[in-house]
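Descriptive structure summary
The lines below spell out each chain.
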Amino acid sequence: MKIFTSKSEIKEFLSALKMDKKSIGFVPTMGALHQGHLSLIKRAKKKKDIAVVSIFVNPTQFDNKEDLDKYPKTYESDVALLESVDCDVLFFPSVEEIYAENVTSEEFDFDGLEHQMEGRFRDGHFDGVGTIVKTLFEIVEPDTAYFGKKDFQQLQIIKKLVEKYNLPVKIKGRPIFREDDGLAMSSRNTRLTKEHRESAPFIYKTLKKAKKKFGAKSPEDLTKWVEKQFKKHPLLELEYFTIADEETLQTAKEIKENKQYRAFIAVFAGDIRLIDNIRLKNN
Ligand code: AMP
């Protein structure tokens, strides 16, 4: 695997491959890699000639300094994992390399997608995401970029970014990878205390129960039901549960037949904030 820390060097390397008509699949990450990340890289390998991964903990998408400072960094094991799946290129830039002196975000209008859910609770988060993804796309110029549905709102926002700026890249959303007990894989899971780790599968269990009840209860009653389950839980604190239209991400007041819905959740397990979501069936 080739490893680059400089924008100009990776650009030069990739442009030679593009001249050779090689297709490029790109997976942006913040490192502390797990099987969820690897599933995206394996997909990129399968579908494209060259798989490029970036590891960059992007400061402008964090509204919480402690979360940024304590974000897990496991560079050596990340490199070993990337080699185990035959990743071709790793881009591992410094903050200075990406932002120079100006560590700030561009402001984006994602047609309202950015004001829902994560956007309501993480100030400036999607401006930070938009800034870094657009910058990385300009450096790597991939044919296709792969994103996990674990961050479903982010996936929709990146599709919007590509549409609005006419970026020449295809965006593919991929399934959520889970631990055996159902907890969605996340780099932040390694920061959970033993007690919180043992409690955390409750999040997905509750999502699955909510999915079963969807249709029989109104979205509002189902939301109240989920809120009640978390009030009873001694270790987990619900930040939000929302049933939203997959396209607009607007909270659903009533269920319409020709729309697709998804339930979204954010929960604090101690200081660690976990998110998850599940697709709902209309019937
Ligand atoms: P992150 O390193 O958390 O920024 O994630 C990098 C990419 O991996 C994003 O597209 C995430 O949505 C995706 N990802 C993170 N966790 C999972 C998971 N459990 N299953 C599938 N994709 C994931």
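In this report, the structure presented in the accompanying data block is examined. (Residues numbered from 1 in each chain as written. Predicted model: local features only at pLDDT ≥ 70, side-chain atom pairs only at ≥ 80, totals over all residues. Heavy atoms only, no water.)

1. Remarks on the environment of arginine 191
- Tracing the backbone shows arginine 191 in the loop between strand E6 (170-174) and helix H9 (194-199).
- Along the backbone, arginine 191 and glutamine 61 are 130 residues apart, and their C-alpha atoms lie at a distance of 19 Å.
- Sequence-distant contacts of arginine 191, that is, excluding residues within four places in its chain, are made with Asp67, Lys70, Pro72 and Ile272. (Helix = DSSP H or I, 4+ residues; strand = E, 2+ residues; numbered from the N terminus. Contact = heavy atoms within 4.5 Å.)

2. A word on the sheet that holds strand E9 (residues 272-280)
- The strand order across the open sheet built from 3 strands is E7-E8-E9, with neighbouring strands paired in antiparallel fashion. For this open sheet the edge positions go to strand E7 (236-245) and E9, each flanked by a neighbour on one side alone. Across the sheet, the mean angle separating the axes of adjacent strands is 15 degrees when strand polarity is ignored.
- Inspection of the sheet shows E7 paired to strand E8 (residues 261-269) by 9 bridges, in the antiparallel sense. If you follow alanine 244 over to E8, its bridge partner there is arginine 262.
- Sheet strands in contact with helix H11 (residues 219-231) are E7 and E8, and its direction is about 165 degrees off that of E7. (Pairing = 2+ DSSP bridges. Axes fitted to C-alpha atoms, helices over the stretch in contact; angles between N-to-C directions.)

3. A word on the sheet that holds E6
- Here we have 6 strands laid out as an open sheet, ordered E1-E4-E3-E2-E5-E6, and parallel in their pairing. What marks the edges here is a single partner per strand, and that holds for strand E1 (2-4) and E6. In this sheet, neighbouring strand axes are inclined to one another by 25 degrees on average, regardless of whether the strands run parallel or antiparallel.
- Here strand E5 (residues 144-148) pairs with E6 via 5 bridges, running parallel. In the strand pairing of E6, alanine 145 is matched with isoleucine 171.
- On the sheet, helix H7 (residues 125-140) packs against strand E2 (24-29), strand E3 (50-55), strand E4 (89-91), E5 and E6 and is oriented at approximately 150 degrees with respect to E2.

4. Observations regarding the site of the ligand
- In the neighbourhood of the ligand, 17 residues make up the surrounding shell, with Met30, His37, Asp151, Phe177 and Met185 lying closest.
- Methionine 30 has a polar backbone atom sitting 2.9 Å from an oxygen atom of the ligand.
- Glycine 148 places a main-chain nitrogen or oxygen 2.9 Å from an oxygen atom of the ligand.
- When isolated, the ligand has an accessible area of 490 Å², and the protein chains bury 93% of it.
- Within the residue set of the shell around the ligand, elements represented by two or more residues are E2, helix H2 (35-47) and E5.
- For the shell around the ligand, the element with the most residues is H2, which contributes 3 residues.
- Classifying every residue of the shell around the ligand gives 9 nonpolar, 6 polar and 2 charged. (Near = heavy atom within 4 Å. Polar contact = N/O pair within 3.5 Å; in protein donor to acceptor, adjacent residues only side chain to side chain. Areas by Shrake-Rupley, 256 points an atom, 1.4 Å probe, with all protein chains shown as cover. Nonpolar A, V, L, I, M, F, W, Y, C, P; charged D, E, K, R; others polar.)

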